[in-house]
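# Structure at a glance
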Amino acid sequence: MNSVEELCTLISSRITWGPGEDPRSLNADTPLLEMGLVDSLAIMEIVTALDKEGGISLPDTAIVAANFRTPKALWAAIGNLGGEGDE
């Protein structure tokens, strides 16, 4: 995973989109929680996908609502791992 755009693609593929909602509209500043796009199940699916597809293992302490407010917030949390999350 090399960019927040790639992260947006991964997140978008884990969200259940409603009729008329466009997955391509997801960007780094999309308020995921505020818009109701992610719930606890979606967060765990994103965490699992990050590990399997991105080689990024988030520690339990990083799986908090603040890190899932926007894709940019999650990208910052990943950056703050300082190599701990990389396999």
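We now turn to the structure provided with this report. (Residues numbered from 1 in each chain as written. Predicted model: local features only at pLDDT ≥ 70, side-chain atom pairs only at ≥ 80, totals over all residues. Heavy atoms only, no water.)

Turning our attention to the pattern of salt bridges. Counted under the stated rule, the structure contains three salt bridges. The partner of Arg24 in a salt bridge is Asp22, and the shortest N-O contact between them spans 3.1 Å. Judged by its relative accessible area of 73%, Arg24 falls in the exposed class. Judged by its relative accessible area of 32%, Asp22 falls in the partly exposed class. Between Asp29 and Lys72 there is a salt bridge whose closest N-O contact spans 2.8 Å. Within this pair, whereas Asp29 is found in the loop between helix H1 (4-12) and helix H2 (40-54), its partner Lys72 is found in helix H3 (residues 71-79), the two being separated by 43 residues in sequence. What makes Asp29 partly exposed here is its relative accessible area of 49%. Judged by relative accessible area, Lys72 falls into the partly exposed class, the value being 44%. (Salt bridge = Lys/Arg side-chain N within 4 Å of Asp/Glu carboxyl O. Buried < 20%, exposed > 50% of the residue type's maximum accessible area, 1.4 Å probe, protein only. Helix = DSSP H or I, 4+ residues; strand = E, 2+ residues; numbered from the N terminus.)

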